[in-house]
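So you can see what is in the structure, the chains are spelled out below.
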Amino acid sequence: MTTHLGVMILFAACVSIVFGTLLRDVPRDQLRLAGRLFTGLVAGAYVLGWVMFFAFG
Amino acid sequence: MPPSGKPAVRADKTDIDSLPRANPTVVGVAAWLIPGAGHFLVGQVRKGAIFFVVLSAMFVIGLAFGGRLFPFQMSEPLVFLAAAAEWAIALPRIGAAILGHGQGNVVAITYEYGNTFLIVSGLLNALIVLDAVDYARGRKDV
C-alpha cells in the first residue's frame, strides 16, 4: 500500500467519499458523485504522471 | 386541504421552520472538535458517521505514514499554514500530540504522504464544519 499508486488510490478514495457525502443528500447520488470523483482523480493523476514523464523524464 | 383545492404546503413549511434547531455555535465547535459531530447534532446521523470514520482514518493513516504535526511557526509561512490546517480537526490533533505521535519521520518514504493526509483531513473537516453550521442555521434542509 506504500507504493505511489496505492497511496494515491487510498487518498482519492477518502477525498471522494467525503465530497460525495458532503455535496449530495441521496445515497445513490452520493455514490455516483464519489465514483466520478474517484475515477477523475485517479485517471487524472495517472495521465499527469505520464505527461510529466515525457515532458521532464 | 384548503377550499382552493391546493395542498397546504405553506403550513407544512411553517411547521418545519418552527422545529427547534441546534445552536450553530455549539454545532460548529462540536464539528471542529470531532469530525462528524456537528452533523450528528443537526440530525444528519449517516453523514456524520461517514465523516467520522473517513476523517479519523485519514488522520490515523497520516500519522502511520510518519507525517508531522506542524507547530505554528510564523517564520515559515508554509509550516504555519500546515499547522492551521491540521488544527482544523481538533481532538485527533490534540490526542495525537498528547500521545507523542506526529513527530514526523523525514527519512520515511511516506513522510510527505503522511503530511498530505494530515493536512487534507483538517481542510476537509473545515468544509464539514461549515456544512454543519449551514444546517444548524437553516440554510440547508435537514
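Let me begin by describing the structure that accompanies this report. Every chain begins its residue count from 1, and numbering advances along the sequence as written. Chain letters and ligand numbers both follow the written order, the letters beginning at A and the numbers at 1. Two thresholds apply to this predicted model, a pLDDT of at least 70 for residue-level local features and 80 or more for giving and counting side-chain atom pairs, whereas whole-chain, interface and lining totals are computed over all residues. The side-chain values count all of the structure's non-hydrogen atoms but skip hydrogen atoms and water molecules.

1. Considerations on the pattern of salt bridges
- Note on definitions: salt bridges are taken to be side-chain nitrogens of Lys or Arg within 4 Å of carboxyl oxygens of Asp or Glu. Inspection of every chain in the model, using the stated rule, returns 3 salt bridges over all chains.
- Note that Asp25(A) and Lys47(B) form a salt bridge whose closest N and O atoms lie 2.9 Å from each other. One end of the pair, Asp25(A), is in the loop between α1 (4-23) and α2 (27-56); the other, Lys47(B), is in helix α4 (residues 45-64), on a second chain.
- Put simply, Asp131(B) and Lys140(B) hold a salt bridge, and the shortest N to O gap is 2.5 Å.
- On the basis of relative accessible area, Asp131(B) is assigned to the buried category, the value being 7%. Secondary structure elements follow DSSP: runs of H or I no shorter than four residues count as helices, runs of E no shorter than two count as strands, and numbering proceeds from the N terminus. Residue burial is assigned from relative accessible area. The probe radius is 1.4 Å, only protein chains are included, and a residue is buried under 20% of its type maximum, exposed over 50%, and partly exposed in between.

2. Here we look at the interface of chain A and chain B
- Only heavy atoms matter for contacts: two residues are in contact if any of them lie within 4.5 Å across the pair. Every contact between the two is made by 16 residues of chain A and, on the other side, 20 residues of chain B.
- In total, about 1600 Å² of surface goes out of reach between chain A and chain B, with carbon and sulfur atoms giving 79% of it.
- On the chain A side of the contact with chain B, Phe11(A), Val18(A) and Leu22(A) bury the most area, a combined 34% of that side's loss.
- Along the contact surface separating chain A from chain B lie 1 salt bridge.
- N or O atoms within 3.5 Å of each other form a polar contact, as long as, within protein, one can give a hydrogen and the other can take it, and as long as residues adjacent in sequence are counted only when both atoms are side-chain atoms. Linking chain A with chain B are 6 residue pairs in polar contact (both at pLDDT 80 or more), by the criterion used here.
- At the level of secondary structure, the elements contributing two or more residues to the side of chain A that touches chain B comprise α1 and α2 of chain A.
- Per-element accounting of the side of chain A that touches chain B gives the leading share, 11 residues, to α1(A). Buried area: the accessible area, evaluated with a 1.4 Å probe, that two parts lose upon being put together, summed over both parts.

3. What to know about the environment of Phe59(B)
- Considering the arrangement of structural elements, one finds Phe59(B) in helix α4.
- The spacing of Phe59(B) and Ala30(B) is 29 residues in sequence and 17 Å in space, taken between C-alpha atoms.

4. So, helix α7 (residues 111-137) of chain B
- Its 27 residues give α7(B) an end-to-end C-alpha distance of 40 Å, which sits within 8% of 39 Å, the value for a rise of 1.5 Å per residue.
- Trailing α7(B) by a residue or two, Gly138(B) shows a phi angle of about 85 degrees, which is positive. A helix is expected to span 1.5 Å multiplied by its residue count minus one.

5. Side note on helix α5 (residues 77-86) of chain B
All names here are of chain B.
- Those residues of α5 lying buried are Val 79, Ala 82, Ala 83, Ala 85 and Glu 86. Down the axis, α5 shows its buried residues gathered within 160 degrees of arc, on one side only. Residues Pro 77 and Leu 81 are exposed on α5 and point more than 90 degrees away from its buried face.
- Turning to α5, the residues buried within the fold contact α6 (90-98) and α7. Here the arc refers to the set of directions running from the helix axis out to each C-beta atom.

6. Notes on the side chain of Arg93(B)
Residue and element names in this part refer to chain B.
- Following the sequence through the fold, Arg 93 ends up in helix α6.
- There is no salt bridge for the buried Arg 93, and the closest opposite charge comes from Glu 86, which lies 4.1 Å off by N-O distance.
- Ignoring sequence-local partners within four residues, the contact set of Arg 93 consists of Phe 59, Leu 69, Phe 70, Glu 86 and Trp 87. We count Lys and Arg on the positive side and Asp and Glu on the negative side, and we leave His and both chain ends out.

7. Structural notes on the side chain of His39(B)
- Inspection of the secondary structure puts His39(B) in helix α3 (residues 37-41).
- Not counting residues within four places of it along the chain, the set of residues in contact with His39(B) comprises Gln44(B), Val45(B), Lys47(B), Gly48(B), Phe51(B), Ile128(B), Asp131(B), Ala132(B) and Tyr135(B).

8. Topic: a nonpolar patch on the surface
All names here are of chain B.
- Together, Ile 34, Phe 52, Val 53, Leu 91, Ile 94, Ile 98 and Leu 99 make up an exposed nonpolar region whose accessible area comes to about 670 Å².
- For the nonpolar patch, the secondary-structure elements that each account for two or more residues are α4 and α6.
- No other element matches α6, which puts 3 residues into the nonpolar patch.
- Relative to the assigned elements, Leu 91 resides in helix α6.
- Under the relative-accessibility criterion, Leu 91 is labelled partly exposed at 40%. Put simply, a patch holds well-exposed residues, over 30% relative accessible area, that have no salt bridge, with like charges counted together within 9 Å and Val, Leu, Ile, Met, Phe, Trp or Tyr side chains within 5 Å. Accessible surface is estimated by sampling points in the Shrake-Rupley manner with a 1.4 Å probe; for residues, cover comes only from the protein chains shown.

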